[in-house]
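Close look at the chain arrangement
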Amino acid sequence: MMDHSFLCVLGLFWLYTLLCTGHTQGAVLTIDPNWLTFYTGESVTFICDMKEGTNTDWEYRILKDGQESVTYNSHPLYELTLLHIRYKGEYRCCGLLKTSHDSKCSNKIFLNVRDKPRAEVTAGTTTISVGGSVTLSCSVDNSAGWKYQWFRRTSHTSEYRLKTNDEQNRTISVSQGGIYRCRGERGDPAYYSDMSNDASINIIFSNQVVVTRQPDWPQIFSGEKITLTCEIQGGETTEWMCVWRHLGSIIPQISSKQFTFTVSELSSGDYQCQCERRDDSYSSTKWSEAIRLSVSAVSRPESSSFPVLLMVGSVIGIILLIFLLLLCLCKRSKDLCCIRWIQSQSSSQSSSSHPGVNQNETNQYSSPLHDLST
């Protein structure tokens, strides 16, 4: 019986303790959003909970750094909008019970307010293989609650916002180079940080670049044609634009993977190529290892030129044959002319040595013989 009475007394004492403790429990001040740092232009709401009675049983006031900031009113919520640096300080709330005029105050909360922040972009390694990606990260002052917007532009295109799958977007992976920026967004209504500085991402592909040549003769002669090809191992399906250089100087007006030209002695020396993606001028390969050309001054006969030489020789032979025939004809005509001229000269000399003789006289000269015979 005594044990039962003792338990009853103990139970009553425990219930009394709970009731007393609940009555004397202090007020609690919280803030929404619950961030450690706020920035100028943002908003914050103070929530004062007296932990006793109902909200309508109390009058509330807000103190900043021990001084009254908001006088007694019936609202347990108090919003500070468009925060300013001067709002930085230590806050607490106090409540006055309307029925008994008892009062109690809450814990203290330090409100840290800073100037509007600027986002910052950091990049992982920019040397990747073809088909790889570069990791970009955006942060705002190492503070909480942010999600991020990303923007890209190039020297030839205007800036546009990137579409991303992750809602927070603190980190993204990009396969194109370019000029990237980001900014942070948090709160409702949305509050934006200042845009980050430009982050110029120039991707260098680690794939090996090799220059090959056709024909691959050990010796090349002046006047021959040769084709150099820039090959990116592992990037065969990518469209490339290539730059060529000879003896360290860029060769102008050449942008293809293949470079065909007629060599001369001045063509001797080292050749290299470097390629960039056709759709991304910020993504390029390394310079290839040099390939050396040695051009000789004397050209050697080529089997491919034999038909041309045969044709030219045939034409020249025909022309010479025609010329010889014409020469013979001319010579023959000239000989006939000479004979006729000699004969004409002989005739004229005979006539001049017997100036009085003519054909009739000749006949008369022979007539005495005729008479003697008769």
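Up top you'll find the structure we're talking about.
In this text, all values refer to a predicted model and were calculated from it rather than measured experimentally.

So, on to the nonpolar core. Here is a general trend for soluble globular proteins: nonpolar side chains tend to be buried in one another's company. Within the largest apolar cluster, 41 residues are counted, with the highest numbers of intra-cluster contacts made by Leu136, Trp150, Leu228, Trp244, Phe261 and Tyr271. Broken down by element, the residue count for this core peaks at 4 residues, all from strand β22 (residues 225–232). Setting aside its immediate chain neighbours within four residues, Trp150 contacts Val121, Leu136, Ser137, Cys138, Tyr160, Arg161, Leu162, Asn169, Arg170, Ile172, Arg181 and Cys182. Among the nonpolar cores identified, the runner-up in size contains 21 residues, and Ala27, Ile31, Val70 and Leu97 belong to it.

This part takes up the environment of Glu52. Locating Glu52 in the fold gives a position in the loop between β3 (44–49) and β4 (58–64). Along the sequence, Glu52 and Leu97 sit 45 residues apart, while their C-alpha atoms lie 9.4 Å from each other. Within the local environment of Glu52, its side chain forms a polar contact with the side chain of Lys104, the two groups lying 3.2 Å apart.

Applying the stated criterion to the full structure yields 17 salt bridges. Linking Glu68 and Arg61 is a salt bridge whose minimum nitrogen-to-oxygen distance equals 3.1 Å. Where Arg213 meets Asp216, a salt bridge forms, and the shortest distance between an N and an O atom there is 3.0 Å. On the basis of relative accessibility, which here comes to 12%, the residue Arg213 falls in the buried class. Via salt bridges that share partners, Arg153, Glu159, Arg181 and Asp198 belong to a single interconnected network.

Another aspect to go through is unusual backbone geometry. Put simply, Asp32 and Pro33 share a cis peptide bond, and its omega is 0 degrees. Following the sequence through the fold, Pro33 ends up in the loop between β1 (28–32) and β2 (37–39). Cis peptide bonds are those with omega within 30 degrees of zero, and the linkage from Asp188 to Pro189 qualifies with 10 degrees. With respect to the helices and strands, the residue Pro189 is situated in the loop between β16 (178–186) and β17 (191–192). Phi is positive for Lys51, which is not a glycine, with a value near 60 degrees. Structurally, the position occupied by Lys51 is in the loop between β3 and β4. Take Lys51: its relative accessible area is 38%, and that puts it in the partly exposed class.

Definitions and limits used
- Positions within a chain are numbered from 1, following the residues in the order the chain's sequence is written.
- With the structure being a predicted model, the display of local features is reserved for residues of pLDDT at least 70 and the display and counting of side-chain atom pairs for 80 or more, all residues being used for whole-chain, interface and lining totals.
- The basis for every side-chain value is the complete set of non-hydrogen atoms in the structure, without hydrogens or water.
- What makes a nonpolar core is a set of buried Ala, Val, Leu, Ile, Met, Phe, Trp, Tyr and Cys residues whose side-chain atoms join them at distances within 4.5 Å.
- Each residue is assigned to one of three classes by its accessible area relative to the maximum for its type, calculated with a 1.4 Å probe on protein chains only: buried under 20%, partly exposed between the two thresholds, exposed over 50%.
- Starting at the N terminus, helices and strands are each numbered in turn, a helix being any DSSP run of H or I of at least four residues and a strand any DSSP run of E of at least two.
- In this analysis, two residues are considered to be in contact whenever any of their non-hydrogen atoms come within 4.5 Å of each other.
- N or O atoms closer than or at 3.5 Å make up a polar contact, with two conditions inside protein: a donor-capable atom paired with an acceptor-capable one, and, for residues adjacent in sequence, both atoms drawn from side chains.
- Salt bridges are defined as contacts in which a side-chain nitrogen from Lys or Arg sits within 4 Å of a carboxyl oxygen from Asp or Glu.

Everything listed here is a matter of coordinates, which is why it stays silent on function.
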